[in-house]
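Read off the chains here:
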Amino acid sequence: MSKFWSRTVQEAEPYVPGEQPTETDIIKLNTNENPYPPSPKAIQAMEDSITSDLRKYPSPTAERLKAIIAEREHVTSDQVFVGNGSDEVLAFAFQAFFEPDQTIKMPAITYSFYPVYANLYDIPFEQVPLNDDLSIQVDGLKQSVGGVIFPNPNAPTGLALSLSDVESIVQANPAQVVIVDEAYVEFGAESAVALTTQYPNLLVTKTLSKSHALAGMRIGYAIGHTGLIEGLERIKNSFNSYTMNRVSLAGAEEALADDAYYDQVLSDIVVTRDWVTERLKGLGFWVSNSKANFLFVQPVGIEADVLYNELKAQGIYIRYFNKPGLTGFVRISIGTDDEMTKLIDAIENMV
Ligand SMILES: Cc1ncc(COP(=O)(O)O)c(C=O)c1O
């Protein structure tokens, strides 16, 4: 606390990221990072980008990266916005499309950065309860006053909505912006990007942090109607014209060109996710039918916080959320087969 704080700072309720321990001999399954390295071609491109050219600013428009994303997503470059991680893209979108006097809707259990942005920008929000099976209540997200945001798959449950459910939410909010956060879509859910050409109120955000193992480089993007993208550019250029650094741009461009490498990584993670799910279910635990690179798990025979603490004591970090509605669960990111075998062995010794 300082007497110099503005009212905004005084009233901010910042997001608390998962632990980033400094020890190296741990198994880190707490922040949904990719357990595999980025594409060797992306690493090479980033190394090659470390030259005396770093004295110069990067491209403020990131036109090359936008063109590559546009081609992959079957849209035009002016339907693409890129940013310093999808967190930044989402923060800009809250400011660009939501209003301080119009209540937006989001699921009650979801990515906990959304209420943080809403509070920061003074945007009122309604938290729509999940269904009993923890899926998103589709009808509850319809007819909003100020807009809608939800992840697909949802975090931390990993449960995905069908494309037709997503479309029904977009259709039922024709005068509001609907943001679909697809941070984890590449692990098995259906993307809504194709709908953006049809619905001018739909913004889809994605990230290279999870699927492309580049969390450390901070690369996110949004796809939407040119009007929405222009709105995001206006916010960005009122804040920082150079959000994407030269090294990240070089890495992102190569990573997105290396489908052969990433197809293998994604399919390995999905195979691991599926066997870990079965093993945990075999212990009597409830496990979500996750379409993401993490599992939402309700342990049985051991309290969730005890499980979290005991694993941590053994150097295995998972995520426990000490929040109403979540205290019975843990979230476990999918690591390598070796890491997940050690996790299962450790859990089996506890229950
Ligand atoms: C649902 C969701 N959206 C967005 C993000 C942000 O990802 P990044 O800023 O690394 O692109 C995360 C990160 O954990 C997430 O879980």
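This is a predicted model, so every value here is computed, not measured. (Residues numbered from 1 in each chain as written. Predicted model: local features only at pLDDT ≥ 70, side-chain atom pairs only at ≥ 80, totals over all residues. Heavy atoms only, no water.)

A. Representation of the UniProt feature "modified residue: N6-(pyridoxal phosphate)lysine" (unreviewed entry) in the protein within the structure. Annotation from UniProt places "modified residue: N6-(pyridoxal phosphate)lysine" (unreviewed entry) at Lys210. Mapped onto the elements of the fold, Lys210 is located in the loop between β7 (202-207) and β8 (220-224). A relative accessible area of 15% means that Lys210 is categorised as buried. Each residue touching Lys210, except ones within four places of it in the same chain, is listed here: Thr31, Asn32, Asn34, Ala183, Tyr184, Phe187 and Asn293. (UniProt positions renumbered as here; feature names shortened; annotations may be inferred. Helix = DSSP H or I, 4+ residues; strand = E, 2+ residues; numbered from the N terminus. Buried < 20%, exposed > 50% of the residue type's maximum accessible area, 1.4 Å probe, protein only. Contact = heavy atoms within 4.5 Å.)

B. The arrangement of the packing of aromatic side chains in detail. Within the structure shown, the criterion is met by 16 aromatic pairs. Ring geometry for Phe81 against Phe92: centres 6.1 Å apart, planes inclined by 70°, an arrangement best described as edge-to-face. In this pair, Phe81 is assigned in strand β2 (residues 80-83) and Phe92 in helix α4 (residues 86-97), connecting sequence segments 11 residues apart. Linked through ring pairs, Tyr15, Phe94, Phe98, Tyr111, Phe113, Tyr114 and Tyr117 together constitute an aromatic cluster. In this structure, Arg331 is placed above the aromatic ring of Phe294, and the distance from its NZ or CZ to the ring centre is 5.7 Å. (Phe/Tyr/Trp six-rings, centres within 6.5 Å; stacked < 30°, edge-to-face > 60°. Lys NZ or Arg CZ within 6 Å of the ring centre and 35° of its normal.)

C. Up close: the pattern of salt bridges. Scanning all chains against the criterion turns up 14 salt bridges. For the salt bridge of Asp259 with Arg72, the shortest nitrogen-to-oxygen distance reads 3.0 Å. Note that Asp259 is positioned in helix α9 (residues 259-282) and Arg72 in helix α3 (residues 63-73), a separation of 187 residues in sequence. (Salt bridge = Lys/Arg side-chain N within 4 Å of Asp/Glu carboxyl O.)

D. Up close: the site of the ligand. Around the ligand, the neighbouring residues are Gly85, Ser86, Asp87, Tyr111, Asp181, Ala183, Tyr184, Thr207, Ser209, Lys210 and Arg218. Interatomic distance of 2.6 Å between a side-chain N/O atom of Ser209 and an oxygen atom of the ligand. Between the ligand and Arg218 there is a distance of 2.7 Å, counted from an oxygen atom to a side-chain nitrogen or oxygen. Alone, the ligand offers 400 Å² of accessible surface; in the complex the protein occludes 93% of this. (Near = heavy atom within 4 Å. Polar contact = N/O pair within 3.5 Å; in protein donor to acceptor, adjacent residues only side chain to side chain. Areas by Shrake-Rupley, 256 points an atom, 1.4 Å probe, with all protein chains shown as cover.)

E. Summary view of the pairing of β8. Counting buried positions along β8 yields 5 of 5 residues, so the element is predominantly enclosed. Along β8, one buried face is formed by Gly220, Ala222 and Gly224 and the opposite face, lined by Tyr221 and Ile223, is buried too. Relative to β8, β2 is paired through 4 bridges, and the arrangement is antiparallel. Looking at the pairing, Val82 lines up with Tyr221 of β8. Relative to β8, β7 runs antiparallel, the two being bridged by 5 bridges. Bridge pairing in β8 links Val204 to Ile223. (Pairing = 2+ DSSP bridges.)

F. Looking closely at the sheet that holds strand β13 (residues 330-333). What the 4 strands build is an open sheet, ordered β9-β10-β13-β12; its pairing is antiparallel. Edge positions in the open sheet fall to β9 (286-287) and β12 (319-320), since each of these has one partner strand only. By the bridge criterion, 2 bridges tie β12 to β13 in an arrangement that is antiparallel. Pairing of Arg319 across the sheet is with Arg331, part of β13. Against the sheet, α9 engages β9, β10 (294-298) and β13, with an angle of about 5° to β10. (Axes fitted to C-alpha atoms, helices over the stretch in contact; angles between N-to-C directions.)

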